[in-house]
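Chain and residue survey
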Amino acid sequence: MTLQAETRTAIERARDRYPLPRSAILPALWAVQGELGQITPDAMGEVATILQVAPSEVEAVSTFYSMYFQHPHGRHEVIVCINVSCALRGAEGIVEHLERSLGCASGETTADGEFTWSSTVECLGACGGAPSMQVDHHFQENLTADRVDEVLGALRGAGPAVAGTPRRAIRRRDPAGGGAGGSAGRRLGAEMPGPRTQHDGESDPAAERGGGPAPTGPAGPPASPAAPPASPAPPKRPRRPRKDAS
Amino acid sequence: MADTANTPPEQPDDGRVGISIDGRTARVPKGTLVLDAATELGIHIPIYCAHPKMEPVAVCRMCLVNIEKFPKPQPACATIAGEGMVVRTNIPEVAKLREGMLEFLLLNHPLDCPVCDRGGECDLQDFTFRYGPGISRFPITEKVHFKKALPLSQHIELDQERCILCWRCVRYYDEITGEKEIVLQQRGVETLVATFDDQPLQSKFQGNLPEICPVGALTHREYRFVSRPWDLLRTASVCPECSYGCNINVDSRDFEIRRFASRDNPLVDDMWLCDRGRYSFPKWNSSERVRRPILTSDDESRDVSVQEAITQSARRLREIADEYGAASIGVLGSASSTNEELFLLERLARSVIGTPHVDHQLESFDDISASEHTLGIAEIEECDVLVVLGTEPEEQAPVLTLRLYKAERKHGARIIRLSGDAGVDQAVAATTGGARIGLIADETNRSHAAAMAKGIGAVRRLTTTRGPNGRGAKDLGLLPNVGPGYASVSEAGRNGRQILEGLAKGELRGLLMLGPNPALEADADLLTRALRAAACVIAIDTRPGIVSRGATVLIPGHAIFEKAGSLTNVEGRVQRIRTALPPASATPVETRILTSIAKEMGAEEWGDGDPLAVNRVLRDALPAYAAAGNGGRALFAAEAVA
Amino acid sequence: MAEYKLLTKDFGAEALQTLKGYERTGGYQGLRDAFTKFTPEELVAEVKTSNIRGRGGAGFPTGMKWSFLPKDVFPRYLCCNADESEPGCFKDRYLIDESPHQLVEGLLIASYALQVNTSFIYIRGEYHDQRLLLDRAVEEARAAGYIGRNILGSGFDCDVIVHGGAGAYICGEETALIDSLEGLRGQPRLKPPFPAIKGLYGQPTVVNNVETLCNMPHIVQRSGEWFKSIGTEKSSGTRVFCCSGHINRPGNYEMQLGTSIRELLEEHCGGMWQGRSLKAFQPGGGSMQVLLPEHIDLPLDMNAVQEAGSSLGAGAMIFMDETTCLVDVSMRLVDFYRHESCGKCVPCREGTYFESELMHRLEAGRATPAELASLADICSNMDGRCFCPLGDTATWFVMSAYKYFRGEFEAHCGAGRCPVRAQATALVA
């Protein structure tokens, strides 16, 4: 038995929610990665047993999606978007800054095991607050070098390891001779810090939500662990029977 | 403007639709894919992912064709022919897209044809030559690299770089076997096929993978660097490893079999072979053979001519019959012999020698009848309930498992696997409500299966036997209690075990046997004692062993790939085998030997023993075999169910 | 002209993300009205009347999509597509961040109309906090009796499952979304059969975008006729436009369809930043063709933009100033498709790789004119030949940029570096 009882329970609960057990593969993998920090063959075997599918089918799914990976990452995951909107607003400068300040290339982990960072072309959905990144799946937008330092500095050594949902490093070969992620020297338009206004003057639409569970800006340890969708907290009520179990 | 020359005329609804492809028209059954309509019209459309036994996926995009009124080219493998459809494949648009797809495929392909086993029978080579670009035009910095020469098991090697991601192996493991051993992993251009955690394949049907793979990604390890296809001699025959009778192609080079390949017979193997059968070919290349007739008297063996062997055989049998009676001679055929050989052997035994002691295996079965083979293999798919008794049937004939899975998956059949000794009421309960019921059992469980069939009522049966011609041996009366065609006999004789025991004790004196016969050699001790004690043993066999050491007259036999003839499979299907290898000896084939012996013993009107001529006589004698012809089922009993 | 705040009207209201806050602004009255004033068939007819088109990118008329479900086949399923991953697009996130209950209510109304007893919200894995907001909203709605058995005494049962993805743009394609929801690799399916006939678990299924569903409470309460009267003849209602790039005020703006793009840019986005001028813009997110300053007076209308050679798509506007290198933008988008290609079909899997390698060489100034010429040919072998639109759209931007900025592309050949950037740096310095 690789997985803890709590994780197994979460997977079973997810399985019973869906009309078909195998639909719970994604929530199950999130639960696994939440506990182990990665997806291991043993864990996949256990998921397969609980969901009544072949282990090969679990592996087929887990390797398809960018957010699962098969080897451990640092305690915190940093992903910087370099798609068009962010690149237009200086994402490459942020990338360079991260390379310098963290001392490793995109896709790598810092020497102290604190951060794994990578640049990605997978638009994160923060184009209005470009340049942007996600830290442990929480948005950080309107980035400057200082802001990046602020956010990461607050996390560094600031709490227990987050069994987060780190991202698989994306190997992107750069024939132009850059490193993995290919960021050196590439800018899109001139990078100007300049006056930067956000819609309605708010600094981060997601940051200050009254009553929302999302942590505010540069908080200390992330308020909620980047938990799997399955069931991060104990249920508030007994499990409801499935509706169309006809 | 409609191209009237290409538009087929309107027709009344006859369940068909009119389609025109490149100006050629045809009326095809509703539901026909454009790809199949094209094949019918003799128009070649290149494909990779499409496969006759699998659902279309349309991922390779090679079969895109222009169809009038469709804005984009459509995949012929996944488009159903519609009334009045006008399809074009011989236009520049289609030629360009084919060239484009091939260029894409070759982009990340290692192009290692010189060291790839598939060379010469590779669809990537063939289609590139026929439809593809002449040169590569873009110096890609680095191809995407994967593992090469990755052993997936003792049988299969995977080269992930050569893989064109046609998905056939993945779909095979999903749709055909259900074992899901190979899956896709990763995404985009990094996609590859692999097993779970790189674990080895366990399937009993791995050998089909290199055949369905259109390129050299999946290859046989036993065939690695062995030959090129143009150096092979291909012979159509039947796999001799079990009684299912899968059709095969025997590929030989320099008089040695290099591989068995499948030969699609939708009624039997449905294009699939099991690994046990497919990889059994090396033993047929053994050079340990009986090569010359040998006469042994007073513990002295000497080579003799064929004629002398025949004469000695006839004389000694005559002598024993005269002195001790015909019933002092036992005759044993083999489930590895051809129908023609067994037909002659039975006649020689009962009509010429006059002995009732005839069999082909050790045990006999009192209630043997033709009703145990009323369910055809393909008819399994028509059943809505199928009971499989015990594990033996699928162990004996592994390909049966695939047909059962097909019935389940494609037709929704209920497959109920019971233990061999399950009660009749259990079977009755399980099959309640079934409209077309099938019962599959092994011959060792014959009686119990018969009782079960009686309890269920309207049911068709299939019985797995031993040896490539276990069924033929029974049809042709190589049994102590029934004659050819399951006709009754005037006098029941001893079964195989009783014959051997009789010889060992001196109750019987002579033995005439056709080999090889693995069924007898299963009780090596009894066989050895019997041969030692017998006064005279006339044996035709292929290999040195117990029989060759114990024979008085040993005549070299032809292995199954060294002769022509027919074999009858579990469902009664009579199938031709053909000569794929030269014989190991200069001795004539068994049918000629038996004919000569019979003639020397005074038999008349036996012809000359040519296998084809014998086959004609056989058909004359057994109407069921005449009706079966070559490739049909020989049915003796009326159908058990409607 | 001001924003037309229909969906975003109450955004910023106190505790709008909570049930109480949402109900305070009149939330869930639409659901009540749906049950009391409409039969399911009448609701479908009302949505048809509204002429609303899907807001996910394809713009297919929603009412027509709903009417494809066969009458007597059950169960059927409804999936909300919250897999927003189109470059430049962040409206669905905004709608969920600000008012998750609006989506839940819209989903429930649609479920009732379609007689769906189990609905799903498929939300992209990266929207972690948004998923938690939805989880909480669903639980609140359940506690209030809006989700579950016999909702509001209507006799209608409905369960809602929030399902998190794990990072795959392709899962935004409806059949890939369905495959992903079934626990398979999220790869598109052969059509036919269409999801309306055979979708999730082989049952009739409808997949709708977040924004599309958020409109349902408003259509119910104010009528389909009213909705049709806003916007244009071919594109009714409002849309939330995501504006990003070299503008002064990036963000989401809800505009009545028919408003000009110029107005959106100048009045709401504050115009181009740094006093710079517009060089090019993309009206529909990364998949759509680029447009030029001459197109800035086009109305925000699906058909009008289509006639100009592009599409409003998912409503994501990216504005680029004169320092922008279109080759670099093309390269990033091509990289995006290469990263997101599911790998199922040959032309997309290998073609996006081919494009990506070529664009990197071009951007670095190391491609030859022959290689650049082959780019158009490669794209012509992809467009219209791929299994799903991803492969097709992977060619649209770069081909349109090549058409309009051919000189810029050609100037990169053999230049050894990006000539536009060199010029831009000089400009800025």
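Each chain carries its own residue numbering, running from 1 in the written order of its sequence. Whichever chain is written first becomes A and whichever ligand is written first becomes 1, with later ones labelled in order. Local features in a predicted model are, by the rule used here, given only for residues with pLDDT of at least 70; side-chain atom pairs are given and counted only at 80 or more, and totals for whole chains, interfaces and linings are based on all residues. The basis for every side-chain value is the complete set of heavy atoms in the structure, and neither hydrogens nor water enter the calculation.

**Remarks on the sheet that holds strand β21 (residues 460-464) of chain B**
All names here are of chain B. Counted only if it meets this: The rule for pairing is simple: two strands pair if DSSP sees at least two bridges between them. Helix numbers and strand numbers start at the N terminus; a helix is a DSSP run of H or I with at least 4 residues, a strand a run of E with at least 2. Note on definitions: angles span 0 to 180 degrees between N-to-C directions of axes, and those axes are lines fitted to C-alpha atoms, for helices only across the stretch in contact. By definition in these notes, contact holds between two residues if any of their heavy atoms fall within 4.5 Å.
In spatial order, the strands read β19-β18-β20-β21; together these 4 strands make up an open sheet with parallel pairing. Only two strands of the sheet have a single neighbouring strand rather than two, namely β19 (414-418) and β21. For this sheet, the mean angle separating the axes of adjacent strands, direction not counted, is 20 degrees. Here strand β20 (residues 437-442) pairs with β21 via 5 bridges, running parallel. Paired with isoleucine 440 across the two strands is leucine 462, which belongs to β21. Relative to β19, helix α10 (residues 399-411) is tilted by about 140 degrees, and along the sheet it contacts β18 (385-389), β19, β20 and β21. Set on the sheet, helix α11 (residues 424-431) makes contact with β18, β19 and β20; between it and β19 the angle comes to about 170 degrees.

**Digging into the nonpolar core**
To keep it simple, the criterion reads: Definition used in this section: a nonpolar core is a set of buried Ala, Val, Leu, Ile, Met, Phe, Trp, Tyr and Cys residues joined via side-chain atoms within 4.5 Å. Burial here depends on accessible area, computed with a 1.4 Å probe over protein chains only, as a share of the maximum for the residue type. Under 20% is buried, over 50% is exposed, and the range in between is partly exposed.
One finds Tyr65 of chain A, Tyr48, Tyr244, Leu386 and Phe561 of chain B together with Phe409 of chain C to be the most contacted residues of the largest nonpolar core, which totals 281 residues. Filtering out sequence-adjacent residues up to four positions away, tyrosine 244 of chain B remains in contact with Val268, Ile377, Ala397, Val399, Leu400, Arg403, Asn569 and Val570 of chain B. If you look at the next biggest cluster of nonpolar residues, it comprises 44 residues, including Ala309, Ile538, Val553 and Ala603 of chain B.

**A look at the domain arrangement of chain C**
As a measure of interface size, the accessible area lost when the parts come together is often cited. All names here are of chain C. We count it as follows: Start and end points for every domain follow an automatic or database-based domain assignment. Here the buried area means the combined drop in accessible surface, using a 1.4 Å probe, for two parts upon being joined, counting both sides. By definition, a salt bridge exists where a carboxyl oxygen of Asp or Glu is found within 4 Å of a side-chain nitrogen of Lys or Arg.
Partitioning chain C into domains gives domain 1 (19-228), domain 2 (238-321) and domain 3 (326-428). Measuring from the centre of the C-alpha atoms in domain 1 to the corresponding centre in domain 2 gives 27 Å. Contacts between domain 1 and domain 2 engage 17 residues on the former and 19 residues on the latter. Both faces combined, the contact of domain 1 with domain 2 buries some 1,400 Å², and carbon together with sulfur accounts for 55% of it. Taken as a group, Arg55, Glu86 and Phe90 account for 32% of the area that domain 1 buries against domain 2, more than any other trio of residues on that side. Applying the counting rule to domain 1 against domain 2 returns 0 salt bridges. By residue number, the principal contributor to the side of domain 1 that touches domain 2 is helix α5 (residues 91-98), which donates 3 residues.

**Overview of the packing of helix α14 (residues 496-505) of chain B against helix α16 (residues 524-533) of chain B**
All names here are of chain B. What counts is decided by this rule: The scheme is simple: roughly parallel for angles under 35 degrees, roughly antiparallel for over 145, roughly perpendicular for 65 to 115, oblique for anything else. Take the far helix as the reference: if the near one is turned anticlockwise from it by less than a right angle, the crossing is left-handed, and if turned clockwise, right-handed. Three classes are used, and their members are as follows: Ala, Val, Leu, Ile, Met, Phe, Trp, Tyr, Cys and Pro are nonpolar, Asp, Glu, Lys and Arg are charged, and the others, Gly among them, are polar.
Between α14 and α16, the least distance of the axes is 7 Å, while the angle of their chain directions is 45 degrees. By the angle between their axes, α14 is oblique relative to α16. Considering the relative orientation of α14 and α16, their crossing is left-handed. Residues Arg497, Leu500, Glu501, Leu503 and Ala504 of α14 form the contact with α16, whose own contacting residues are Leu526, Leu527, Arg529, Ala530 and Ala533. Among the residues making up the contact of α14 with α16, the classes are represented as 7 nonpolar, no polar and 3 charged.

**Thoughts on the interface of chain C and chain B**
To keep things clear, this is the line we draw: Throughout this description, a polar contact denotes any pair of N or O atoms lying within 3.5 Å of each other; where both atoms belong to protein, one of them has to be capable of donating a hydrogen while the other can accept it, and for residues adjacent in sequence the pair is counted only when both atoms sit in side chains.
Contacts between chain C and chain B engage 35 residues on the former and 39 residues on the latter. Between chain C and chain B lies a buried interface of about 3,100 Å² when both sides are counted; carbon and sulfur atoms form 57% of it. When the buried surface of chain C facing chain B is broken down by residue, Tyr353, Phe354 and Arg385 of chain C rank first, second and third, together holding 21% of it. Linking chain C to chain B there are 5 salt bridges. Two residues, lysine 96 of chain B and aspartate 377 of chain C, come together in a salt bridge whose shortest N-O distance is 2.9 Å. The interface formed by chain C and chain B contains 16 residue pairs in polar contact (both at pLDDT 80 or more). When residues of the side of chain C that touches chain B are traced back to their parent elements, those giving at least two are α14 (326-340), α15 (346-363) and α16 (369-382) of chain C. Tallying contributions element by element places α15 of chain C first for the side of chain C that touches chain B, with 10 residues. Tallied by class, the residues present in the side of chain C that touches chain B amount to 13 nonpolar, 10 polar and 12 charged.

**Section: the pattern of salt bridges**
Residues and elements named next belong to chain B. Evaluated as defined, the whole model comprises 87 salt bridges over all chains. Taking the shortest distance from any N to any O, the salt bridge between lysine 180 and aspartate 174 comes out at 2.6 Å. Given a relative accessible area of 26%, aspartate 174 falls into the partly exposed group. Its salt-bridge partner being arginine 436, residue glutamate 382 comes within 3.3 Å of it at the nearest N-O pair. Highlighted residues: glutamate 382 in the loop between β17 (358-359) and β18 and arginine 436 in the loop between α11 and β20, separated in sequence by 54 residues. A relative accessible area of 44% means that glutamate 382 is categorised as partly exposed. A relative accessible area of 31% places arginine 436 in the partly exposed class. It is possible to trace a salt-bridge network through shared partners that takes in Lys53, Asp264, Asp270, Glu381, Arg403 and Lys406.

**Looking at the side chain of glutamate 254 of chain C**
Residue and element names in this part refer to chain C. Put simply, the test is: Only four residue types enter the tally: Lys and Arg on the positive side, Asp and Glu on the negative side; His and the chain ends are excluded.
Inspection of the secondary structure puts glutamate 254 in strand β6 (residues 251-256). Comment: no salt bridge for buried glutamate 254; closest opposite-charge side chain is lysine 5, at 6.3 Å. For glutamate 254, the side chain forms a polar contact with the main-chain nitrogen of leucine 7, separated by 2.8 Å.

**Structural notes on the pairing of strand β8 (residues 182-185) of chain B**
Residues and elements named next belong to chain B. Judged by which residues are buried, β8 turns out to be covered on both faces: Ile182 and Leu184 on one side and Val183 and Gln185 on the other are all buried. Strand direction decides the pairing type here: β8 and strand β9 (residues 192-195), joined by 4 bridges, are antiparallel. Residue isoleucine 182 lies in a different strand from β9, and its bridge partner there is threonine 195. The turn linking β8 back onto β9 is made up of 6 residues, and glutamine 186 within it adopts a positive phi angle of 65 degrees.

**With respect to the environment of glycine 128 of chain A**
The residue glycine 128 of chain A is located in the loop between β3 (115-120) and β4 (133-135) in this model. Placed 42 residues apart in sequence, glycine 128 of chain A and cysteine 86 of chain A show a C-alpha to C-alpha distance of 8.8 Å.

**Structural notes on empty space enclosed by the protein**
Heads up, the rule is: For each structure, a 1 Å grid was placed over the protein atoms alone; sets of points admitting a 1.4 Å probe that cannot get out are labelled cavities, open sets with protein on both sides within 12 Å along at least five of seven lines are labelled pockets, and lining residues have an atom within 4 Å of a point. Grid points are joined across faces, edges and corners, and a volume is the space filled by probe spheres set on the points.
Within this structure, the stated rule accounts for 12 cavities of 30 Å³ or more. Taken as a whole, the second largest cavity encloses approximately 150 Å³ of empty space. Along its surface, the second largest cavity is lined by 15 residues, and Asn108, Phe146, Glu161 and Cys163 of chain B together with Glu350 of chain C are the ones closest to its centre. Partitioning the lining of the second largest cavity into residue classes produces 8 nonpolar, 4 polar and 3 charged.

**A word on the sheet that holds strand β11 (residues 233-238) of chain B**
All names here are of chain B. Read from one edge to the other, the open sheet built from 3 strands follows the order β11-β12-β13, with strand pairing classed as antiparallel. If you trace the sheet from one side to the other, it starts and ends with β11 and β13 (256-262), each paired once. Here the average twist between neighbouring strands, direction ignored, is 30 degrees. Relative to strand β12 (residues 247-253), β11 is paired through 6 bridges, and the arrangement is antiparallel. Bridging from a neighbouring strand, serine 237 pairs with isoleucine 248 of β12.

**Quick notes on the pairing of β20 of chain B**
Residue and element names in this part refer to chain B. What counts here: When the strands point away from the viewer and the connection leading from the first strand across the helix to the second strand turns clockwise, the crossover is called right-handed.
Of all 6 residues in β20, 6 are buried, a share of seventy percent or more. Residues Ile437, Leu439 and Ala441 point to one face of β20 and Gly438, Ile440 and Asp442 to the other, with burial holding for every one of them. Judged from the 4 bridges that link them, β18 and β20 form a sheet pairing that is parallel. Bridge pairing links valine 388 to isoleucine 440 in β20. Each parallel crossover has a hand, and for β20 linked through helix α12 (residues 446-456) to β21 it is right-handed.

**A closer look at helix α18 (residues 590-600) of chain B**
All names here are of chain B. Within α18 the residues assigned to the buried category are Glu590, Thr591, Ile593, Leu594, Thr595, Ile597 and Ala598. Buried residues along α18 sit in contact with α7 (306-324), α8 (339-353), β22 (510-514), β23 (536-541), β24 (553-556) and α19 (611-621). One or two residues past the end of α18 sits glycine 602, with phi positive at roughly 105 degrees.

**Topic: the packing of aromatic side chains**
Residue and element names in this part refer to chain B. Heads up, the rule is: Each pair of aromatic rings taken from Phe, Tyr and Trp, with Trp reduced to its six-membered ring, is defined by centres within 6.5 Å and is described as stacked if the planes are under 30 degrees apart, edge-to-face if over 60, and tilted in the remaining cases.
Counted under the stated rule, the structure contains 30 aromatic pairs over all chains. Judged by centre distance (5.3 Å) and plane angle (55 degrees), the rings of tyrosine 48 and phenylalanine 127 are tilted. Taken together, the residues tyrosine 48 in the loop between α1 (34-40) and β3 (64-67) and phenylalanine 127 in helix α3 (residues 123-131) connect sequence positions 79 residues apart. The exposure class of tyrosine 48 is buried, given its relative accessible area of 0%. Judged by its relative accessible area of 7%, phenylalanine 127 is buried. With a centroid separation of 5.3 Å and 75 degrees between ring planes, the pair formed by tyrosine 486 and phenylalanine 636 is classed as edge-to-face. Linking tyrosine 486 in the loop between α13 (470-475) and α14 with phenylalanine 636 in the segment after α20 (623-628), this pair joins segments that are 150 residues apart in sequence. Assessed through its relative accessible area of 15%, tyrosine 486 is described here as buried.

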